[in-house]
Amino acid sequence: MSFTMRTMELPDGRTLAYESYGDQAGKPVLFQHGTGDSRLARHPDESIVTDLGIRLVTIDRPGVGGSTPKPKRTLLEWFNDVSALADELGIDKFDVAGWSGGGPHALALAYTMSDRIDRVVLASALG
C-alpha cells in the first residue's frame with residue numbers, strides 16, 4: 001500500500017495533516033471523516049480508489065490527529081483550511097465525501113466553496 005502522509009502550515013500558522021491515496025492524477029475527492037475518526041478512516045484496499053481513477057485526500061480536522069486545534073472555530077470556517085489545502089495540492093475542482101460527523105463538514109464546504117466542488121456525497125451523515 002502506498003500513500004503520502006503530509007502536513008502543511010496554514011496561513012494562520014496552524015498545522016493541517018492529510019494523506020493522499022489512489023491515482024494521484026485522478027479525480028480528487030476530499031473525504032470528511034466522522035466524529036471520533038481521523039484522516040486514517042478509509043478502506044484499507046487502495047486498489048479500489050486507484051482502479052476508479054480517484055485521488056482520495058483525507059484530512060484531519062482542527063484538533064484531530066496531526067492537525068492543530070482552532071478554538072472557537074465555526075463549521076463554516078472549515079473552508080479556509082480546505083481551500084488552503086486544495087491550493088497547496090494544485091486542485092482547482094474536486095468532489096467531497098462526508099461520513100457521519102463529516103457530513104455537516106461536507107455540506108459546509110458545499111455551501112462555502114460551490115465554485116470549486118463538483119459533487120457532494122454523504123453517508124450516514126449527522127443532521
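So, how was this worked out
Residue numbers run consecutively from 1 along every chain, following the written order of its sequence. Reporting of local features is limited, given that this is a predicted model, to residues whose pLDDT is at least 70; pairs of side-chain atoms are given and counted only at 80 or more, and all residues count toward the totals for whole chains, interfaces and linings. Processing note: side-chain calculations cover all non-hydrogen atoms of the structure and skip hydrogens and water entirely. The patches reported here contain residues having more than 30% relative accessible area and no salt bridge. Joining distances are 9 Å for like charges and 5 Å for nonpolar side chains (Val, Leu, Ile, Met, Phe, Trp, Tyr). The method behind every accessible area is Shrake-Rupley, applied with a 1.4 Å probe, and residues are considered shielded solely by the protein chains displayed. The working definition used for a salt bridge is a side-chain nitrogen of Lys or Arg within 4 Å of a carboxyl oxygen of Asp or Glu. For the purposes of this entry, the term helix denotes a DSSP run of H or I that reaches at least four residues, the term strand denotes a run of E that reaches at least two, and both are numbered from the N terminus. Lines fitted to C-alpha atoms define the axes, with helix axes restricted to the stretch in contact, and inter-axis angles between N-to-C directions lie between 0 and 180 degrees. If an angle is under 35 degrees, it is roughly parallel; if it is over 145, roughly antiparallel; if it lies from 65 to 115, roughly perpendicular; otherwise it is oblique. Contacts are assigned to residue pairs that have any heavy atoms within 4.5 Å of one another. Any residue that is not Ala, Val, Leu, Ile, Met, Phe, Trp, Tyr, Cys, Pro, Asp, Glu, Lys or Arg is counted as polar, Gly included; the first ten are nonpolar and the last four charged. Think of it in three bands: residues with accessible area under 20% of the maximum for their type are buried, residues over 50% are exposed, and the middle band is partly exposed, with areas taken using a 1.4 Å probe on protein chains only. Counting of polar contacts relies on pairs of N or O atoms within 3.5 Å, with two restrictions inside protein: one atom must be capable of donating a hydrogen and the other of accepting it, and residues adjacent in sequence are counted only when both atoms are side-chain atoms. Helix span is expected to be 1.5 Å times the residue number reduced by one. To form a nonpolar core, buried Ala, Val, Leu, Ile, Met, Phe, Trp, Tyr and Cys residues must be joined to one another through side-chain atoms within 4.5 Å.

1. What about a nonpolar patch on the surface?
On the surface, a cluster of nonpolar side chains totalling about 220 Å² of accessible area is made up of Leu 107, Val 120 and Leu 122. Relative to the helices and strands, Leu 122 is located in strand 6 (residues 117-123).

2. Focus: the packing of helix 2 (residues 78-89) against helix 3 (residues 102-112)
Here helix 2 crosses helix 3 at 75 degrees, and the two axes come no closer than 9 Å. The pairing of helix 2 with helix 3 is recorded here as roughly perpendicular in orientation. When helix 2 is examined against helix 3, the residues Trp 78, Phe 79 and Val 82 are found in contact with a partner set consisting of His 105, Leu 109 and Thr 112. Taken together, the residues of the contact of helix 2 with helix 3 break down into four nonpolar, two polar and no charged.

3. What about the pattern of salt bridges?
Inspection of every chain in the model, using the stated rule, returns nine salt bridges. A salt bridge links Lys 27 to Asp 95; the nearest nitrogen and oxygen atoms lie 3.6 Å apart. Here the residue Lys 27 occupies a position in strand 3 (residues 27-32), and Asp 95 occupies one in strand 5 (residues 94-99), the gap between them amounting to 68 residues. On the basis of relative accessible area, Lys 27 is assigned to the partly exposed category, the value being 27%. Residue Arg 39 is joined to Asp 60 by a salt bridge in which the shortest nitrogen-to-oxygen separation is 2.5 Å. Here the residue Arg 39 occupies a position in the loop between strand 3 and helix 1 (47-51), and Asp 60 occupies one in the loop between strand 4 (54-59) and helix 2, the gap between them amounting to 21 residues.

4. Focus: the environment of Glu 46
Among the secondary structure elements, Glu 46 is positioned in the loop between strand 3 and helix 1. Between the C-alpha atoms of Glu 46 and Tyr 21, which are 25 residues apart in sequence, the distance is 6.7 Å. Of note is the side chain of Glu 46, whose polar atom sits 2.8 Å from the backbone nitrogen of Gly 22.

5. Section: helix 2
For an α-helix the count is 3.6 residues per turn, leaving residues at separations of three or four pointing the same way. Taking 1.5 Å per residue, twelve residues should reach 16 Å; helix 2 reaches 17 Å between its end C-alpha atoms and fits that length. Residues of helix 2 that are buried include every one of Trp 78, Asp 81, Val 82, Ser 83, Ala 84, Leu 85, Ala 86 and Leu 89, and no others. Directly beyond the C-terminal end of helix 2, a positive phi value near 70 degrees is found at Gly 90.

6. A look at the nonpolar core
Formed by 20 residues in total, the largest nonpolar core has its most connected members in Ile 59, Val 82, Leu 85 and Phe 94. Of all the secondary-structure elements, those providing two or more residues to this core are strand 2 (15-22), strand 4, helix 2, strand 5 and helix 3. The element that contributes the greatest number of residues to this core is helix 2, accounting for six residues. Look past the residues within four positions of Leu 85 in its chain and what remains in contact with it is Met 8, Leu 16, Tyr 18, Val 57 and Ile 59.

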